[in-house]
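Reading the structure
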Amino acid sequence: MPDTQALVNDFLNKLKKRKIEGSQATAKQTAELLRSVISQTRMPYTNQAAALIHSVKAVGERLIAANPVELAVGNVVRRVLHIVREEDLSLTTAAMAGLNLSAESDDEDDTDRDNHPALSAAAIAAASRSTLRPPSLQTLLEDVPDSAAVPHTSSSGGDSEGKSKSADKSSRSRKLKHDVIEAVNELIQDISTCHELIAEQAVEHIHQNEVILTLGSSRTVLEFLCAAKEKKRSFRVFVAEGAPRYQGHLLAKELVTRGLQTTLITDSAVFAMISRVNMVIVGAHAVMANGGVIAPVGLNMVALAAQKHAVPFVVLAGSHKLCPLYPHHPEVLLNELRSPSELLDFGEFSDCLDFGSGIGAPLLHVVNPTFDYVPPKLVSLFITDTGGHNPSYMYRLIADYYSADDLVLERRTTSGN
Amino acid sequence: MWWRSASFILDRQQHQNRTVAPSPESFLLSSPPPMADSPLNPKSNISAYYQTRAAHHAVVTSDWLAQAQAAVGRHSDDDGSLGDDKGAAPIGGGGGGGEEEGSGKAFSVIDEFNSWRKQPALAEAVAAIRALAAVIRTSEATTMMELEIELKKASDSLKSWDTTSISLTAGCDLFMLYVTRTSALEYEDFNSAKSRLIERAEKFGEISCKARRIIAMLSQDFIFDGCTILVHGFSRVVLEVLKTAAENKKHFRVLCTGRPDRTGLRFSNELAKLDVPVKLLIDSAVAYTMDEVDVVLFGADGVVESGGIINMMGTFQIALVAHSMNKPVYVAAESYKFARHYPLDQKDMSPARRPIDFGVPIPSKVEVETSARDYTPPQYLTLLFTDLGVLTPSVISDELIQLYL
């Protein structure tokens, strides 16, 4: 336990000081941290899933509070919670099937606790599966009494058989942890390999003699374009420099070393050049539940230009960037303001920015936002590691990756939100 | 398609032959409708659904109730004896008509439905499901198949009684689907299956209230301090949303519209009781005030498969204005209002008429557009708040497909 605490504190520090760059690195480290938290959690005799969920939530809330702008942290925490619930559910259904087959003699005990003795195991499994999926029209009438009954029967069933199955129980508890850690390892693997999976799809979208526009620098975009190059597509790239960090310059240099014909333009020139472009391909910081994109500053302008000239606007995003929250949520901070020194040199402008000048407040304010919000109607296609999707399809991926109970992970300091 | 070509001349003649052509004064809401022939008769041009809505918000006097009861009793007698468009199958559970099945029973599913429907807090779909539960309870069937057939007949009679109500159709369909699906599970004995069905149907009534609370909770994040909300008509779900926001001490202002059946007025009364600053608008003033508005919030009579909504007349207009001025349009609707219906344009639904009182007599040569509702296509809606979560309009068809396949 002390080891994990030290690890957690260390990670929290790094998050607060913004020492970790990039959502992929953040996501990976978060997942690894949660994996060690899980392996260190002590498992009680009954209801292990709740213990795991509790410990993960406790750590997760602190991580999210340390850097609310980095949505990948929250995404990974929620993915892990969903994994725990899923693994618990699959173990329970397996156990239920086993119990029903063997426990004929215990029926008298079960009937007074079990509301529906006539239901087969298949029905119970179906009902309990429905508790994990988000509520839908199908499950509307199969309501709370069933879902409340099922976990009770599963744990009480376990207790009544306790004498004969005690060895089975402890092995089941170890099995849960083991399964969860395996699944988290898969998650870490997925996060690490998201670039390759996305880049594989490049050749379907980039055709011969096309002109691609991008802004700033994104590793996903770089790998995407290089994958297409390797498949012998010849195309040209316009790179908008992405002031004030000018990361477009770095991207342009990289592309040239890989042999791609590149043109560097300023951000203001995007509207002038967009009519000569066939497709816009950009990376994202996060993708919201309505299909909107939180992207580096300047991309909203590019999206508007693309819409005006009917150019497809394609966003590349790994699945760890998919956030189940909506942008109107107060917990979602859409922006972070960086240092004004990226725009202005303090030396030349020190008198404008000086608090000591006559009035006591500087007349010159410098605002340097990091992100832009691109509404879903401007995005043509999302390419994730699972394939290409419409913005209106995002809810499906969210339903696959996250559970509805985990959406709100804020520590409530006040009663109302 | 209706009224589209110059054939409107021929159509109008046909229409006039069928209409009862009442005079406008008889439709004042405060007095009970004086029409002798069944005020709740949906076979005339007045939509029973909208009449009920009006009744919920107006004063319901006891003699009006008695009249309504009597009319329904007579009406279902008529239905039982006619049996016209049903062809061979008699209307099951229908009142004292000389059919073989219901001859001894005084039970009428439509009676039952009307008794549930009178409660103002209960939604139509829930009342329908409760009525169908009563059918199961009083049925003398001994096998699941028989029970299903009875239920199907009852549900069909309910649906045909008021073809204009979308949530009624949706509720009946949902319950029938649930019944067929439940009977597919292996139940050892019929009685336990029957009791389970009854129990679920009764519980469904609680879902109505629960759904509204869930929707109210989900929409809290979208109402921020200091915002101006535009609402249309009287929706119980929207009222719940705003009540919850007021209880959470949020400061917001509401603009109400909704003529000519005074629903906007009723809604503003309710809000004034909550101490929420309210401003009333006539429907034509919506574009004028749209720049002050931050959020537009509607309820829905039904949510159709395309993701659009069917709601009181005027909704589409407000949605268009909001869309052109980039204001978000939110819809609060419970999930049992989702219907398998795909209107392609405004006239693509069964017409629901409601009386419009202009206050002065209108010459008989002048037509009045009396449709009670319109269809708002999904591209004008931003988000839907349902008890299944916050959804974008494209999710609706997905949900419906999952249910019906």
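Residues numbered from 1 in each chain as written. Chains lettered and ligands numbered in written order. Predicted model: local features only at pLDDT ≥ 70, side-chain atom pairs only at ≥ 80, totals over all residues. Heavy atoms only, no water.

**What about the domain arrangement of chain B?**
All names here are of chain B.
- Domain boundaries assigned for chain B yield domain 1 (109-210) and domain 2 (215-354 + 370-404).
- Just the C-alpha atoms count here: the centres of domain 1 and domain 2 sit 28 Å apart.
- Counting residues at the interface gives 18 residues for domain 1 and 15 residues for domain 2.
- Taking both partners together, domain 1 and domain 2 bury about 1300 Å²; carbon and sulfur atoms supply 61% of that area.
- Interface area lost by domain 1 to domain 2 is led by Thr164, Ile166 and Leu177, which between them contribute 36%.
- For the interface between domain 1 and domain 2, the tally reads zero salt bridges.
- Counting the contacts that link domain 1 with domain 2 gives zero residue pairs in polar contact (both at pLDDT 80 or more).
- Secondary-structure elements contributing two or more residues to the side of domain 1 that touches domain 2 are helix H5 (124-138), helix H7 (166-184) and helix H8 (190-219).
- At eight residues, H7 tops the list of elements feeding residues into the side of domain 1 that touches domain 2. (Domains from an automatic or database assignment. Contact = heavy atoms within 4.5 Å. Buried area = accessible area lost by both parts, 1.4 Å probe. Salt bridge = Lys/Arg side-chain N within 4 Å of Asp/Glu carboxyl O. Polar contact = N/O pair within 3.5 Å; in protein donor to acceptor, adjacent residues only side chain to side chain. Helix = DSSP H or I, 4+ residues; strand = E, 2+ residues; numbered from the N terminus.)

**Quick look at the domain arrangement of chain A**
All names here are of chain A.
- Parsing chain A into structural domains produces domain 1 (4-193) and domain 2 (200-335 + 370-406).
- Tallying the contact residues gives 19 residues for domain 1 and 24 residues for domain 2.
- Contact with domain 2 buries area across many residues of domain 1, yet Leu71, Arg78 and Arg79 alone supply 31% of it, more than any other trio.
- Counting across the interface, domain 1 meets domain 2 through one salt bridge.
- Taking the shortest distance from any N to any O, the salt bridge between Glu21 and Arg245 comes out at 3.6 Å.
- At the junction of domain 1 and domain 2, the tally comes to six residue pairs in polar contact (both at pLDDT 80 or more).
- Contributions of two or more residues to the side of domain 1 that touches domain 2 are made by helix H2 (23-40), helix H4 (71-102) and helix H8 (162-200).

**A word on the pattern of salt bridges**
All names here are of chain B.
- Summed over all chains, the structure comprises 13 salt bridges over all chains.
- With a closest N to O distance of 3.6 Å, Glu334 and Arg212 form a salt bridge. Note that Glu334 is positioned in the loop between strand S7 (329-332) and strand S8 (373-376) and Arg212 in helix H8, a separation of 122 residues in sequence. The pair formed by Glu334 and Arg212 is uniform in burial state, with each residue classed as buried.
- For Arg340, the salt bridge goes to Glu305, with nearest N and O atoms at 3.3 Å. (Buried < 20%, exposed > 50% of the residue type's maximum accessible area, 1.4 Å probe, protein only.)

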